[in-house]
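Below, each chain spelled out in residue letters.
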Amino acid sequence: MPSDAAEARAVQDALRARVILDEPGPPPGRGHVTGVDVAYDDDRDLVVAAAVVLDAATLETVAEATATGRVTFPYVPGLLAFREIPTVLAALEKLTADPGLVVCDGYGRAHPRRFGLASHLGVLTGLPVIGVAKNPFTFTHEPPGPRRGDQSPLLDDGEEVGRAVRTKDATKPVYVSVGHRIGLDNAVAHTLALARGFRQPETTRRADALCRRALREATG
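Residues numbered from 1 in each chain as written. Predicted model: local features only at pLDDT ≥ 70, side-chain atom pairs only at ≥ 80, totals over all residues. Heavy atoms only, no water.

A. Quick peek at the packing of helix α2 (residues 81–93) against helix α3 (residues 117–125). For the pair α2 and α3, the least separation of the axes is 11 Å and the interaxial angle reads 45°. When the axes of α2 and α3 are compared, the pair comes out oblique. Here α2 runs over α3; the crossing is right-handed. When α2 is examined against α3, the residues A81, F82, E84, I85, V88, L89 and L92 are found in contact with a partner set consisting of L117, H120, L121, L124 and T125. (Axes fitted to C-alpha atoms, helices over the stretch in contact; angles between N-to-C directions. Helix = DSSP H or I, 4+ residues; strand = E, 2+ residues; numbered from the N terminus. Parallel < 35°, antiparallel > 145°, perpendicular 65-115°, else oblique. Left-handed = near helix turned anticlockwise from the far one by under 90°. Contact = heavy atoms within 4.5 Å.)

Spelled out as structure tokens, the structure:
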């Protein structure tokens, strides 16, 4: 773990070179998909991570795990991964099933240094990972059309770093970006396949519910 923000940015810059961008990734609707999420108790400096493995075809839960840790890095925009990664890795290591594709509630290349949580987690685990965030980081985009499946590019100085994707008619889009070992078109296809009737992918919904429940149990 880095000791300060400057060291953390240097770590991101070093690890970014290991991101793999030329693999298509697993096809939607097959194998396993895993949602990861975290919940915090700031008063206790406590963080709980959850990992939930789903069957990609049926969205039935295959396996789940949680881990509890201490927050060891301050909140700094763009460096959130350093607060979450250790506990998320611990939860993934407890899984009894192959994670397959991992879906983060966060960013991959849609990050100022092109190395958000999804990229960081992908490089450290070697797994294909995508980021599906509720809000854009700082990048510009045109509003996508109003129907499910409509999308528009997230742009940074003309470079497409992700997509704003409408997962439900007349509902705010989510923001999809590549983390590691998957292409952007495929990341969007996975997001739509996992968002069945809700704005957020089912992977994120299940992991969010599990980590919140585990945090309540950890704090009494």
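B. Spotlight on the sheet that holds strand β3 (residues 61–70). Taken together, eight strands build an open sheet; the order of strands is β3-β2-β1-β4-β5-β8-β7-β6 and the sheet is mixed. Across the chains shown, the open sheet's two edge strands, defined by having one partner strand only, are β3 and β6 (151–156). On average, each strand axis in the sheet is tilted by 25° relative to the strand beside it, whichever way the strands run. Looking at chain direction, strand β1 (residues 32–41) and strand β2 (residues 46–55) are connected through ten bridges and run antiparallel. By the bridge assignment for β2, A39 is matched with V48. Helix-sheet contacts for α2 involve β1, β2 and β3, and the interaxial angle to β2 is about 45°. (Pairing = 2+ DSSP bridges.)

C. Just the pairing of β1, in detail. Extensive coverage of β1 is indicated by the burial of eight of its ten residues. Remark: four residues form the turn of the hairpin made by β1 and β2, two consecutive strands paired antiparallel; D45 in that turn has positive phi of roughly 55°. Judged from the four bridges that link them, β1 and strand β4 (residues 101–104) form a sheet pairing that is parallel. Across the sheet, V36 pairs through a bridge with C104, a residue of β4. (Buried < 20%, exposed > 50% of the residue type's maximum accessible area, 1.4 Å probe, protein only.)

D. Region of interest: the nonpolar core. Counting residues in hydrophobic clusters, the biggest one holds 28 residues, and the most contacted among them are I130 and V176. Elements supplying a minimum of two residues to this core: β1, β2, β4, β5 (129–133), β8 (174–180), α4 (184–194) and α5 (202–218). Among the nonpolar cores identified, the runner-up in size contains 24 residues, and V47, I85, L121 and V129 belong to it. (Core = buried A, V, L, I, M, F, W, Y, C linked by side-chain atoms within 4.5 Å.)

E. Highlighting α5. Its 17 residues place the ends of α5 24 Å apart at the C-alpha level, agreeing with the 24 Å of an ideal helix rising 1.5 Å per residue. All of the buried residues along α5 are E202, T203, T204, A207, L210, C211, A214 and L215. For α5, the secondary structure elements touched by its buried residues are β1, β2, β3, β4 and α4. Trailing α5 by a residue or two, G220 shows a phi angle of about 75°, which is positive. (Expected span 1.5 Å × (residues − 1).)

F. Representation of the pattern of salt bridges within the structure. Here the structure, examined in full by the defined rule, presents 13 salt bridges. Here R181 and E23 are joined by a salt bridge, their closest N and O atoms 2.9 Å apart. In this pair, R181 is assigned in the loop between β8 and α4 and E23 in the loop between α1 (5–16) and β1, connecting sequence segments 158 residues apart. Residues joined by salt bridges that share partners form a network here, namely R109, R114, D156 and E159. (Salt bridge = Lys/Arg side-chain N within 4 Å of Asp/Glu carboxyl O.)

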